[in-house]
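# An overview of the molecular structure
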Number of protein chains: 2
Amino acid sequence: MRLLIIGGSDAAISAGLAARQHDPSVEATLLVADHYPNFSICGIPYHVSGEVPDWRHLAHRTADDLDRAGLGIRLGHRATSIDPGGHTVTATTPSGDRVTFDYDRLVIATGAVPARPPIKGLDHLGPGDGVHQLHTMDDTFAFLNSLDQRHARSAVIVGAGYIGLEMAEALTTRGLAVTVLEQLDQVMPTIDPELADLVAKHLSERGVDLHTGTRVATIAAEGDRLRVDTDRGVHHGDVVLVVTGVRPDVTLATSAGVRLGERGALAVDRRMRTNLPDMYAAGDCAHTYHRLLKRDVYLPLGTTAHKQGRVAGVNAAGGDTIFAGSLGTQTVKVFDLVVAGTGLRDETARQAGFDPVTVATVADDHKAYYPGATPIHVRVTGDRATGRLLGAQMVGRSGAEIAKRVDTYATALAFEARVAEIADLDLSYTPPLGSPWDAVQLAATAWGQGPGR
Amino acid sequence: MRLLIIGGSDAAISAGLAARQHDPSVEATLLVADHYPNFSICGIPYHVSGEVPDWRHLAHRTADDLDRAGLGIRLGHRATSIDPGGHTVTATTPSGDRVTFDYDRLVIATGAVPARPPIKGLDHLGPGDGVHQLHTMDDTFAFLNSLDQRHARSAVIVGAGYIGLEMAEALTTRGLAVTVLEQLDQVMPTIDPELADLVAKHLSERGVDLHTGTRVATIAAEGDRLRVDTDRGVHHGDVVLVVTGVRPDVTLATSAGVRLGERGALAVDRRMRTNLPDMYAAGDCAHTYHRLLKRDVYLPLGTTAHKQGRVAGVNAAGGDTIFAGSLGTQTVKVFDLVVAGTGLRDETARQAGFDPVTVATVADDHKAYYPGATPIHVRVTGDRATGRLLGAQMVGRSGAEIAKRVDTYATALAFEARVAEIADLDLSYTPPLGSPWDAVQLAATAWGQGPGR
């Protein structure tokens, strides 16, 4: 069975590995547009910061690993068209030739591309001018080259989502003066403003010049530097980084007749099948089944890409498995803070038809008497009518086990727990690492003691 | 309603607080045998080590806190008899007087006492001779006094359970040469030998002279020091600490006719009711409902004492709530390692009638490219026939979020998850703090790929 996979990142590699694990006779070929298969794009900020000096280390697996796993990786092969009837894909090779690949099953894992916000100047300024987006290794090399060539001592980052803030840390760590401009009234639009404020404060303490509620109108060259005009003033930087989210890369698939689903992403069922025969899609190019909402959403995340890729690969290889779904669980480290969340927030829960109540608590990560205790800010959202847990968000210090504490909520959400059941969980405790009632449980107890519950 | 509580530690205080929260009209009186109500006995090693210089900080709450919460704390009141028919408890006061307390409802929270292993000499040597057990604040003061008076430069610890190892760390941190003697062939009998070996190695690296499979026969004074004779040689120390577990303190309750349950602990139902009317028991003196085994066991843990105390308090105050049960979730820090476990192991699962399979994996705590990644050793136990998760154990470096990673398994156990469902969980990921497939999930996936599954 010939399995063809278009893509070389998390979903694509997972699909290939899972297919061959399910059936070692599968011939898996991956058409990889660039030369960096299986690279961790989540790791880019840590190469930019200097914490990962060698970019090669960002690969989840080496070319040898992939070879040993029996994946036929075709680097520099950009797929240009799919013929669903003929079961072929045409691609251009690094030398510019056109080659056609037959397939029995096809997995589309073309990922996402950076969103391009409507900023004047963005269409004609690019890496050569010090204006960058950041999604691939080639983007990374171009950006690092700009930092070097332009002797950059300052940067303006447009967008205060996860990547914007990770890059703010990375560039500050490199010694640059960093300005962050965000159109919304808060950083990190996926968390509640009360927690976002803690992150904003921390960024400021670390010297980041943060401006929320600030819409960028124009980017322009001004001498050797770049000038960024907003509705609330002018900023300058040696480089500008525009990181305002991503959109699914679906051009190739839609040309072949693949139907779109949520937010312009490829429509797939929970077996990751598209509407076309023998054709699957997975990762950031596809929409995502939400485990709690029980409907499709667009949530491009590395964890999801791995899981969807595995499901697509197993099914393409003749197995039968379904994607359990995402809860949108995320975490990010921003300097010394860690932010994490899972499930719904008040606003998203209300939109989904729940009657949400969100309760905020603060509790130490471990017993206050043991040195180093730090506060964890928790916001738990539950459904007033049923008492069901809908989601949770946390902010605390790096080292306070924030990321893995949110996993307790994520696990409880997967089993449709009520908030009250969190307090009954038998969680681990030792004074240096926790409390007899963990912060996770104190938050749930506080939720249960709110008015009307 | 007059609620009388015998005890002053976790279960007792939780019962009092919960009762008054449930019904603020409850008059709650606590008979506390010593002068240290609501002290964290789990914190004792960190006072001995010097990390918590002021012993007063080990109190979960101050006397003022307890007063404000409306708890009538009678310090130095040792309950001597219960009259279940007359609904009275007699106690001796600090001045030696006998006083009688009426109650409408009674909560027995007398805790546990250190087990006294059959070691020759232990019956006539005591704190005055530098031979100690360690369970209360008074024990702690006596031990610290011995360290001081005897100018102790070396200690022999008998018992390599949680407290033995925490004290080995504490005394090493104080600068003493520490010998640990353990009768069993491994440290920490609640984890598998493969993981215990990692802990033993770490102890040795930190200079602890560890002897497992070594039975202590005699403790004797020899000049200014103490001599400990074992079946495999002789050891000397300036002090000896015997920490070989605890047994429930049930003398008072059984005299009154309270029936015993598992392992000589007080028998209670899931509402924490004893067999006698209006009489509850909670904490280390009572047995514990096991959530997975669905039967009673003896598992004296601080977390459980808090939960049982709360259930007893609410029910005593006229509410109706049940104890969800324990999974035996535990964690301990030993120098730079953290050990954690939840649920059953191969051996305990087999005894309970399951057909367990345990699979060992090692995975990094976070992406290897980001600085500081360390391996986590995981052992997952599942039921061969049903695929159900039965338990998990982990060992890794402090800082690797071991304690809160085991909570994911504990949460999944509470909802009777299958092992395969762990891999489907949407857990958090960012390169400095995790992996797209968390170590917790890789372990579950490896379990699923074992022979016959």
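Residues numbered from 1 in each chain as written. Chains lettered and ligands numbered in written order. Predicted model: local features only at pLDDT ≥ 70, side-chain atom pairs only at ≥ 80, totals over all residues.

### A short note on the overall build of chain A
- For chain A, the count of helices and strands is 12 helices and 25 strands.
- At 23 Å, chain A has a C-alpha radius of gyration in line with the 22 Å of a compact globule built from 453 residues.
- For the C-alpha atoms alone, the extent of chain A along its principal axes is close to 65 × 60 × 40 Å.
- Here chain A holds 453 residues, and the buried ones make up 55% of them.
- Excluding contacts between residues fewer than 6 apart, the proportion of contacts in chain A whose partners are at least 24 apart in sequence is 64%. (Helix = DSSP H or I, 4+ residues; strand = E, 2+ residues; numbered from the N terminus. Rg over C-alpha atoms; globule rule 2.2 N^0.38 Å. Buried ≥ 20, exposed ≤ 12 C-beta atoms within 10 Å, placed from the backbone. Contact = placed C-beta atoms within 7 Å.)

### Side note on the domain arrangement of chain A
Residues and elements named next belong to chain A.
- Per the domain assignment, the segments making up chain A are domain 1 (2-113 + 246-316), domain 2 (127-242) and domain 3 (336-448).
- Here domain 2 and domain 3 have C-alpha centroids that lie 31 Å from each other.
- Opposite the 9 residues of domain 2 that make contact, domain 3 presents 9 residues.
- Tallied by class, residues from the side of domain 2 that touches domain 3 come to 5 nonpolar, 2 polar and 2 charged. (Domains from an automatic or database assignment. Nonpolar A, V, L, I, M, F, W, Y, C, P; charged D, E, K, R; others polar.)

### Some words on the environment of Gly325(A)
Residues and elements named next belong to chain A.
- Relative to the helices and strands, Gly325 is located in the loop between α8 (302-316) and β21 (330-334).
- We classify Gly325 as buried; it has 22 C-beta atoms within 10 Å.
- Put simply, Gly325 and Ile157 are 168 residues apart on the chain and 32 Å apart in space, counted from C-alpha to C-alpha.
- Excluding its chain neighbours within four sequence positions, the residues that come into contact with Gly325 are Tyr289, His290 and Arg291.

### A look at the sheet that holds strand β4 (residues 78-83) of chain B
All names here are of chain B.
- If you walk across this open sheet you meet the 3 strands as β4-β5-β6, and the pairing is antiparallel. For this open sheet the edge positions go to β4 and β6 (98-102), each flanked by a neighbour on one side alone. Strand after strand, the sheet turns through a mean of 25° between neighbouring axes, direction not considered. (Pairing = 2+ DSSP bridges. Axes fitted to C-alpha atoms, helices over the stretch in contact; angles between N-to-C directions.)

### Quick look at the packing of helix α1 (residues 10-22) of chain A against α8(A)
Residue and element names in this part refer to chain A.
- Between α1 and α8, whose axes approach to 7 Å, the crossing angle comes to 35°. In the crossing of α1 with α8, the sense of the turn from one axis to the other is right-handed. Of α8, the residues touching α1 (which contributes Asp10, Ala11, Ala12, Ile13, Ser14, Ala15, Gly16, Leu17, Ala18, Ala19 and His22) are Gly302, Ala305, His306, Gln308, Gly309, Arg310, Ala312, Gly313, Val314 and Ala316.
- Of the residues belonging to the contact of α1 with α8, the class tally is 11 nonpolar, 8 polar and 2 charged. (Left-handed = near helix turned anticlockwise from the far one by under 90°.)

### Points about the relation of the copies chain A and chain B
- With an RMSD of 0.0 Å, the operation that places chain A on chain B is a rotation of 180° combined with a shift of 0.0 Å along the axis. Put plainly, the chains are arranged around a two-fold axis.
- Take the interface residues of chain A: 100% of them recur as interface residues in chain B, which is what a same-surface contact looks like. (Least-squares fit on C-alpha atoms with pLDDT ≥ 70 in both.)

### Concerning the pairing of strand β1 (residues 2-6) of chain A
Residues and elements named next belong to chain A.
- Across the 5 residues of β1, 4 count as buried, placing the element largely inside the fold.
- Inspection of the sheet shows β1 paired to strand β2 (residues 27-32) by 5 bridges, in the parallel sense. Each bridged residue has a counterpart across the sheet, and for Ile5 the counterpart in β2 is Leu30.
- Crossover handedness for the path β1 to α1 to β2: right-handed.
- Across 4 bridges, the pairing between β1 and strand β7 (residues 105-108) is parallel. Considered in β7, the bridge of Ile5 is made with Val107. (Right-handed = clockwise from strand over helix to strand, strands pointing away.)

### Concerning the pairing of β7(A)
All names here are of chain A.
- Both faces of β7 are covered, namely the face carrying Arg105 and Val107 and the face carrying Leu106 and Ile108.
- Across 3 bridges, the pairing between β7 and strand β18 (residues 279-281) is parallel. By the bridge assignment, Val107 is partnered in β18 with Tyr280.

### Topic: helix α5 (residues 162-173) of chain A
All names here are of chain A.
- Between its first and last C-alpha, α5 extends 17 Å over 12 residues, near the 16 Å set by a 1.5 Å rise per residue.
- Burial of α5 is extensive: 10 of the 12 residues sit out of reach of the surface.
- Buried within α5 are the following residues: Tyr162, Ile163, Gly164, Leu165, Glu166, Met167, Ala168, Glu169, Ala170 and Leu171.
- Close packing links the buried residues of α5 with α2 (44-48), β10 (154-158), β11 (177-181), α6 (193-205), β16 (239-242) and β21.
- In the segment just after α5, Gly175 is the residue with positive phi, at about 100°. (Expected span 1.5 Å × (residues − 1).)

### What about the interface of chain A and chain B?
- Contact with chain A, which involves 54 residues of that partner, is made by 54 residues of chain B.
- At the level of secondary structure, the elements contributing two or more residues to the side of chain A that touches chain B comprise α8, β21, β22 (337-343) and α10 (402-414) of chain A.
- Of the residues that constitute the side of chain A that touches chain B, the class distribution is 27 nonpolar, 16 polar and 11 charged.

### Describing helix α4 (residues 137-149) of chain A
All names here are of chain A.
- Between its first and last C-alpha, α4 extends 18 Å over 13 residues, near the 18 Å set by a 1.5 Å rise per residue.
- Of all the positions in α4, only Thr140, Phe143, Ser146 and Leu147 are classed as buried. End-on view of α4: buried residues confined to an arc of 125°, all on one side of the axis. For α4, exposure combined with an orientation more than 90 degrees from the buried face picks out Asp148 and Gln149. (Arc of directions from axis to C-beta.)

### Details of the sheet that holds strand β14 (residues 225-230) of chain B
All names here are of chain B.
- Spatially, 3 strands are ordered β13-β14-β15 in an open sheet, and the strand pairing comes out antiparallel. Each of the sheet's edge strands pairs with one partner strand only, and the pair in question is β13 (216-222) and β15 (233-237). Pairs of neighbouring strands in the sheet enclose a mean axial angle of 20°, with direction left out of account.

### Looking at the nonpolar core
- One finds Val199(A), Val339(A), Val199(B) and Val339(B) to be the most contacted residues of the largest nonpolar core, which totals 191 residues.
- Setting aside its immediate chain neighbours within four residues, Val199(B) contacts Val187(B), Met188(B), Val334(B), Leu337(B), Val339(B) and Val395(B). (Core = buried A, V, L, I, M, F, W, Y, C linked by C-beta atoms within 7 Å.)

### Describing the confidence of the model for chain A
- Averaged over all residues, the pLDDT of chain A is 97; the fraction at 70 or higher stands at 99%.
- As scored by the predictor, the complex reaches a pTM of 0.97 and an ipTM of 0.97. (pLDDT = per-residue confidence, 0-100.)

### Focus: the environment of Ala221(B)
All names here are of chain B.
- Relative to the helices and strands, Ala221 is located in strand β13.
- The sequence separation of Ala221 and His236 amounts to 15 residues, and the corresponding C-alpha distance is 9.6 Å.
- Contacts of Ala221, omitting those with residues within four sequence positions, involve Leu125, Asp129 and Leu226.

### A word on the environment of Arg388(A)
Residue and element names in this part refer to chain A.
- The topology assignment puts Arg388 in the loop between β24 (375-383) and β25 (389-397).
- The partly exposed category is assigned to Arg388, around which 19 C-beta atoms lie within 10 Å.
- Residues in contact with Arg388, not counting those within four places in the same chain, are Gly382, Asp383, Glu416 and Arg418.

### What about unusual backbone geometry?
- Positive phi values are uncommon outside glycine, yet Met188(A) reaches one of about 50°.
- Among the secondary structure elements, Met188(A) is positioned in the loop between β11 and α6.
- Although it is not a glycine, His87(B) sits at a positive phi angle of roughly 55°.
- As for its placement among the helices and strands, His87(B) is situated in the loop between β4 and β5 (88-92).
- His87(B) gets classed as partly exposed once you count the C-beta atoms within 10 Å, which come to 18.

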